Amino acid sequence: MIDKQSPLPIYYQIQELIRKKIEKKEWQTGDVLPSERIFAEQYEVSRMTVRQAVTELVNEGLLRREKGRGTFVAEQKFTQTLQGLTSFTEDMKARGLKPSSRLISFNIKEAAGKTARVLGLNDGEEVYEIQRIRLADQSPMAMETTYISTKMVPGLTESIVQHSIYEYVELELDLAIGYGEQSLEAALSTEKEADLLDIEQNDPILLISRITHLQNKTPFEYVKSAYRGDRYKFSIQMPRT
């Protein structure tokens, strides 16, 4: 199964053999892979070569390592396009998944600094500060901190924010959401993020900041999110200009 005369590196051939087994469902999500020793004996290669193949697939997100337990087939990553503004709830429902939220905290506080500035508020004006874990089929996907002006969106409650804030804004308050401005960056999880997202500290995450505007261009929401790097990826279509 391994062609040692091929110009393709041996680690790459092993990598593709593993990939094909996963694609053909011979190994499925959660299955543990054979050890490096077994791979090395089977293909008559060094354990270092096997390790390189496995590491490449871990970096892709196709496999995941658990310290002291082994290497497993990872859960499929969700791909979200960066065209169009949708809520987490809408996005998960479109995938046939059940969205939910676990509320960490719900407070009213005085806006200051960047939060006040991006929402077009004066320091001291009140905002809701909402911290939630966003889940799909009960699996944690993201840790989210949201700031919303209390005068712009009155009447928010703990019950409402455990579902979809966008549905409340559009259906109950009859406000038209227009567009969002979003930025992404890669980072490593903090101890708190790791604990809440059920990952290890220093695992990769995607940090996303979004300012959402109504159709009249008034900003009403500032969101900071930490998405699990092993479960989420983003894509964008880039027409030539």
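Structure report, in brief. (Residues numbered from 1 in each chain as written. Predicted model: local features only at pLDDT ≥ 70, side-chain atom pairs only at ≥ 80, totals over all residues. Heavy atoms only, no water.)

## Here we look at the sheet that holds strand 4 (residues 99-110)
Then step 1. With antiparallel pairing, the six strands of this open sheet are ordered in space as 4-5-6-9-8-7. If you trace the sheet from one side to the other, it starts and ends with strand 4 and strand 7 (177-188), each paired once. Direction aside, neighbouring strands of the sheet carry axes that sit 15° apart on average.
Then step 2. Here strand 7 runs beside strand 8 (residues 204-214); their pairing, made up of eleven bridges, is antiparallel. Directly across from Leu-188, in strand 8, lies its bridge partner Pro-204. (Pairing = 2+ DSSP bridges. Helix = DSSP H or I, 4+ residues; strand = E, 2+ residues; numbered from the N terminus. Axes fitted to C-alpha atoms, helices over the stretch in contact; angles between N-to-C directions.)

## Focus on the packing of helix 2 (residues 36-43) against helix 3 (residues 47-60)
Then step 1. Interhelical geometry of helix 2 versus helix 3 gives an angle of 115° and a closest axis separation of 8 Å. On the basis of their axis angle, the class for helix 2 and helix 3 is roughly perpendicular. In the crossing of helix 2 with helix 3, the sense of the turn from one axis to the other is right-handed. Side by side, helix 2 and helix 3 meet where Glu-36, Arg-37, Phe-39 and Ala-40 of the first sit next to Arg-47, Val-50 and Arg-51 of the second.
Then step 2. Looking at the contact of helix 2 with helix 3 residue by residue, the class counts come to three nonpolar, no polar and four charged. (Parallel < 35°, antiparallel > 145°, perpendicular 65-115°, else oblique. Left-handed = near helix turned anticlockwise from the far one by under 90°. Contact = heavy atoms within 4.5 Å. Nonpolar A, V, L, I, M, F, W, Y, C, P; charged D, E, K, R; others polar.)

## Remarks on the pairing of strand 6 (residues 139-149)
Then step 1. Taken across its eleven residues, strand 6 has eleven buried, putting it largely inside the fold.
Then step 2. Bridge analysis of strand 5 (residues 126-136) against strand 6 gives ten bridges, and the strand direction is antiparallel. Counted as the bridge partner of Ala-136 is Ser-139 from strand 6.
Then step 3. Where strand 5 folds back on strand 6, the antiparallel hairpin that results is connected by two residues, among which Asp-137 adopts a positive phi of roughly 50°.
Then step 4. With seven bridges joining them, strand 6 and strand 9 (residues 219-228) adopt antiparallel strand pairing. Counterpart to Thr-145 in the pairing with strand 9 is Lys-224. (Buried < 20%, exposed > 50% of the residue type's maximum accessible area, 1.4 Å probe, protein only.)

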